[in-house]
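Observations on chain architecture
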Amino acid sequence: MAASLLLVNNGIFPITRDAEGKLLADVPATGLQNPGTIQGEGKLVGTASLFIRLSGCNLRCMWNVPEGGVSACDTPDSSFDVSKNWLWKVDEIIETVRHNLGNMRHVVITGGEPTIQHRSLKELCHRLKEEFDVHITIETNGTLFDEELASYIDLFSISPKLSDSLVTEEKLMQLPRQLAGKVAAAPSQKSPCPEVIQQYIDVCRNSGGEKDFQLKFVMTGPENAKSIHNEVLNHISGWEPSDILAMPLGGNHHTLGKTSHRVLETAIQHGWRYCPRIHIDLFGDKPGV
Ligand code: SF4
């Protein structure tokens, strides 16, 4: 049977043509006439890229926001609300990439947690390399590792989720009832997993400089630094402070306004890399950009 992957609705983005090369009726969510967008976060920020967002996650994250309230996973359609998602054949994904890649040399595989579909994802990454020779970034929560899949990836963007992201009854009570029900019903496994993160770092350190990684932590401010050390950094080796990305919590300007300066201050104190989210500056909190 042909390999397939479960993607979110409009899971290859931004695009202007379908798998057969036919022009789509709607312009992409970016508002631009051409396919593609930029990587909005991390070491490759600003790089022209095409995104493939896989559906499903093995975690269900929620954070308390300073000054009150909670912020749940900013990609709910790929984590605890997967009702509108689509099964794509790998062939269809490859053809859609072919008709939209243009001059872009970077493809970003994101989620959800892409590695939970590692069997078919290996085939997709193998084909992306073979047919287009593109640079592949995978965005992962760092709880699962597959050696063959890792062999196709150029940048591992690992975003370990700490104990402050765990769902609690107190947090659930602050969400609208329908959303709280979906979050409560979703599966979740242990996180963070330093032993898995170490496998990613080791693959990079043994690659002769061909592969790279970044550890991206969603933060609200200095109160997170102790957990980042205690739950992850103290248990792994082979990283430099510049591999640690301090990213302010928030999928919109309102929440980012509460967190960004506190996180910036913490990043500077620790010698970490502050991680702006420039896609939110450019496009707001729309999906598919
Ligand atoms: S790991 Fe990422 S995709 Fe999964 S629930 Fe947490 S924030 Fe959402």
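Just so it is clear, the structure is predicted and the values come from calculations on it, not from any experiment. (Residues numbered from 1 in each chain as written. Predicted model: local features only at pLDDT ≥ 70, side-chain atom pairs only at ≥ 80, totals over all residues. Heavy atoms only, no water.)

1. Focus: helix α2 (residues 118–132)
Condition: Numbering of helices and strands starts at the N terminus; helices are DSSP runs of H or I of at least 4 residues and strands are runs of E of at least 2. Helices are assigned an expected span. That span is 1.5 Å times one less than the residue count. The rule is simple: take the accessible area with a 1.4 Å probe, protein chains only, and divide by the maximum for that residue type; under 20% is buried, over 50% is exposed, in between is partly exposed.
Here α2 spans 20 Å end to end across 15 residues, near enough to the 21 Å set by a 1.5 Å rise per residue. Every buried residue belonging to α2 is among Ser 120, Leu 121, Lys 122, Leu 124, Cys 125, Arg 127, Leu 128 and Phe 132, and all of these are buried. One or two steps after α2, the chain reaches Asp 133, where phi turns positive at roughly 50°.

2. Description of the UniProt feature "binding site: substrate" (unreviewed entry) in the protein
The condition is simple: UniProt positions are given in the numbering used here, feature names are shortened, and annotations may be inferred rather than shown by experiment. Whether two residues are in contact is decided by their heavy atoms, any of which lying within 4.5 Å being enough.
When the UniProt feature table is mapped to this numbering, "binding site: substrate" (unreviewed entry) covers Ile 38, Gln 39, Gly 40, Arg 53 and Thr 110. Among residues more than four places away in sequence, those in contact with Ile 38 are Gly 46, Thr 47, Ala 48, Phe 51, Ile 278, His 279 and Leu 282. Inspection of the secondary structure puts Gln 39 in the loop between β2 (37–38) and β3 (48–54). Its relative accessible area of 6% is what places Gln 39 among the buried residues.

3. Brief notes about the site of the ligand
Our working definition: Whether a residue is near a molecule or strand depends on its heavy atoms: it is near if one of them lies within 4 Å of it. Under the scheme applied, nonpolar residues are Ala, Val, Leu, Ile, Met, Phe, Trp, Tyr, Cys and Pro; charged residues are Asp, Glu, Lys and Arg; polar residues are all the others, including Gly.
The local shell around the ligand consists of Cys 57, Leu 59, Arg 60, Cys 61, Cys 73, Thr 75, Ser 79, Gly 112, Asn 141 and Lys 161. Of the residues that constitute the shell around the ligand, the class distribution is four nonpolar, four polar and two charged.

4. Brief notes about the side chain of Ser 49
Inclusion rule: Pairs of N or O atoms are called polar contacts if they sit within 3.5 Å, as long as, within protein, a hydrogen donor faces a hydrogen acceptor (for residues adjacent in sequence, only side-chain-to-side-chain pairs).
Tracing the chain through its elements places Ser 49 in strand β3. Its relative accessible area of 1% is what places Ser 49 among the buried residues. One polar contact links the side chain of Ser 49 to the main-chain carbonyl oxygen of Thr 47, over a distance of 2.9 Å. Sequence-distant contacts of Ser 49, defined by excluding residues within four places in its chain, comprise Gly 36, Thr 37, Gln 39, Met 104, His 106 and Val 108.

5. Brief notes about the pairing of strand β1 (residues 4–13)
If a strand is regular, its side chains alternate between the two faces of the sheet. The cut-off we apply is this: In short, DSSP must find at least two bridges between two strands for them to pair.
Pairing between β1 and strand β6 (residues 86–89): four bridges, direction antiparallel. For Leu 7, the partnering residue across the bridge sits in β6 and is Trp 86. When β1 meets β3, the two strands line up antiparallel, connected through three bridges. Looking at β3, one finds that Ile 12 is bridged to Ile 52.

6. What to know about the confidence of the model for the protein
Interpretation of this model should avoid reading the predicted coordinates in detail wherever pLDDT is low. The line we're drawing: pLDDT is defined as a per-residue confidence score from the predictor, taking values between 0 and 100.
In this model, the protein carries a mean pLDDT of 92, and residues with pLDDT of at least 70 account for 99%. The ipTM for the predicted assembly is 0.99, set against a pTM of 0.94.

7. A few points about the packing of helix α1 (residues 90–100) against α2
Where we set the bar: Interaxial angles span 0 to 180 degrees and are taken between N-to-C directions of axes, which are lines fitted to C-alpha atoms, for helices over the stretch in contact. Rotating anticlockwise by less than a right angle from the far helix to the near helix defines a left-handed crossing, while the corresponding clockwise rotation defines a right-handed one.
It is at 10 Å that the axes of α1 and α2 come closest, and there the two elements cross at 35°. The chirality of how α1 crosses α2 is right-handed. Contacts between α1 and α2 pair Val 90, Asp 91, Ile 93, Ile 94, Val 97 and Arg 98 from the former with Ser 120, Glu 123, Leu 124, Arg 127, Leu 128, Glu 131 and Phe 132 from the latter.

8. Re the UniProt feature "binding site: S-adenosyl-L-methionine" (unreviewed entry) in the protein
Following the UniProt record, one finds the feature "binding site: S-adenosyl-L-methionine" (unreviewed entry) at Gly 112, Ser 159, Pro 160 and Lys 161. A maximum C-alpha distance of 12.9 Å places the annotated residues, which cover 50 residues in sequence, within one compact spot. Relative to the helices and strands, Ser 159 resides in the loop between β9 (155–158) and α4 (169–172). Overall, the relative accessible area of 8% leaves Ser 159 in the buried class. Residues contacting Ser 159, with those up to four places away along its chain left out, are Thr 140, Asn 141, Lys 216 and Val 218. Inspection of the secondary structure assignment puts Pro 160 in the loop between β9 and α4. When sequence neighbours within four positions are dropped, the list of residues in contact with Pro 160 reads Asn 141, Pro 192, Ile 197, Leu 215, Lys 216, Phe 217 and Val 232.

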